[in-house]
There are 2 protein chains.
Amino acid sequence: MTDVKTAINPLFLREEELRQAIELLFFAYRDSTAEPDRILAKYNFGRAHHRVIYFVGRNPDLPVSELLRILKITKQSLSRVLSQLVEEGFIEQKPGHHDRRQRLLCLTDKGRNLEQQLSEAQLARFAHAYRAAGAESVVGFRTVLLGLINEEDRERFLADRDSQRLPGEH
Amino acid sequence: MTDVKTAINPLFLREEELRQAIELLFFAYRDSTAEPDRILAKYNFGRAHHRVIYFVGRNPDLPVSELLRILKITKQSLSRVLSQLVEEGFIEQKPGHHDRRQRLLCLTDKGRNLEQQLSEAQLARFAHAYRAAGAESVVGFRTVLLGLINEEDRERFLADRDSQRLPGEH
DNA sequence: GTTTTTACGTCAGTCATGTTGACTTATTTG
DNA sequence: CAAATAAGTCAACATGACTGACGTAAAAAC
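Here's a quick rundown of the structure. Predicted model, so just to flag it, every value in this text is computed and none were measured. (Residues numbered from 1 in each chain as written. Chains lettered and ligands numbered in written order. Predicted model: local features only at pLDDT ≥ 70, side-chain atom pairs only at ≥ 80, totals over all residues. Heavy atoms only, no water.)

**Section: the interface of chain B and chain A**
- Residue-level contacts link 61 residues of chain B with 61 residues of chain A.
- Together chain B and chain A conceal approximately 6,600 Å² of surface at their shared face, both sides included; 66% is due to carbon and sulfur atoms.
- One can count ten salt bridges joining chain B with chain A.
- A salt bridge links B:Lys72 to A:Asp31; the shortest N-O distance between them is 3.6 Å.
- The interface formed by chain B and chain A includes 24 residue pairs in polar contact (both at pLDDT 80 or more).
- With 20 residues, the top contributor of residues to the side of chain B that touches chain A is helix H2 (residues 10-42) of chain B.
- For the side of chain B that touches chain A, the per-class residue count stands at 29 nonpolar, twelve polar and 20 charged. (Contact = heavy atoms within 4.5 Å. Buried area = accessible area lost by both parts, 1.4 Å probe. Salt bridge = Lys/Arg side-chain N within 4 Å of Asp/Glu carboxyl O. Polar contact = N/O pair within 3.5 Å; in protein donor to acceptor, adjacent residues only side chain to side chain. Helix = DSSP H or I, 4+ residues; strand = E, 2+ residues; numbered from the N terminus. Nonpolar A, V, L, I, M, F, W, Y, C, P; charged D, E, K, R; others polar.)

So this is what it looks like as structure tokens:
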């Protein structure tokens, strides 16, 4: 644990640890998206379609503006994939109740079907990692990832997800 | 903690937890790449250039084949960004010692300079998250992320990084 | 020592997904 | 009524993936 480098320069281990974190995040993201990508290819869809399907499935009646905020892309970028998904009957739009300018997005049965297919592989991967790591590790995992996220979404996440276990709560 | 849904269906909480993990990973990746992207734009580079610079900086004398294995992209995809980086003097190539077919990749001084610029923002974000979460959370974070990675790279990671703290070791 | 495999590079074409900028429409709000 | 907002559209462009075909030099296999 205390090798030559850390004895001389205590900051070395810190940077080494942080770089390992960068790499772990990269590899985890790379491998977590691989299976969904293969399924999407059969539908001539890409990762962008997955993100839309995922977040619409997760937040029924999602207004377009909110989806744009989540994805942090331009409306023109979203437009292409979203209109494909609507045309092909995976997503339906309906006017907002309070504000009829809004178009609220929902998955159709067809959309929910694809969503489940996509989630199956991904959930299995996460379930495996969670099971192998154990409950304590999961708390740490969530805490660090939350710390990596910009304040706006971090707060939103903590507010929205009431089943969230906060750092000291376990 | 035990709400109506979990009382009826104990699997609900599990899936809810797993979906939160998926989202945390997405948001963390999205926000961790944002600052580097802004710096890269000044050089007319993209995220692909960052990945090459990062992994070459991290593994001096990296053969092209190994870089391809890490990035999991085609050599034609790599070719565009790599030859740009070589032409503009950020990376240099030299023939392998044992195998002269190989071209080993290294950062030049210019390349190291850019690498440091890019890493600065990213390391600060990770340092902040690590500091806020604490040492125990970091262990959990690493353990879960390792579990998300395909076996090949997981093993490679554990083998390469001798300063790695294994689950029971802390 | 010839053949085969490997490491790397290149040319050409395509597709997915992001960008900017300009403009329209419907609706809500001040 | 005027201004702001939610959403959509058209056009042009950049990045970074992909496939497929082909070339060259060095190593490995026979």
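**What to know about unusual backbone geometry**
- The backbone phi angle of A:Asn44 is positive, close to 55°, even though this residue is not glycine.
- By relative accessible area, which is 67% here, A:Asn44 ends up exposed. (Buried < 20%, exposed > 50% of the residue type's maximum accessible area, 1.4 Å probe, protein only.)

**A short note on the protein's contact with DNA strand C**
- Taken together, 25 residues sit near DNA strand C, with A:Gly46, A:Arg51, A:Ser77, B:Lys75 and B:Arg101 positioned nearest.
- For DNA strand C, the fraction of atoms within 4 Å of the protein that belong to sugar or phosphate moieties is 56%.
- Between DNA strand C and the protein, one listed contact pairs a phosphate oxygen with a backbone N or O atom of B:Val64 at 3.3 Å.
- A per-element tally of the surface near DNA strand C places helix H3 (residues 47-58) of chain A first, with four residues.
- Across the surface near DNA strand C, the residue classes tally to four nonpolar, eleven polar and ten charged. (Near = heavy atom within 4 Å.)

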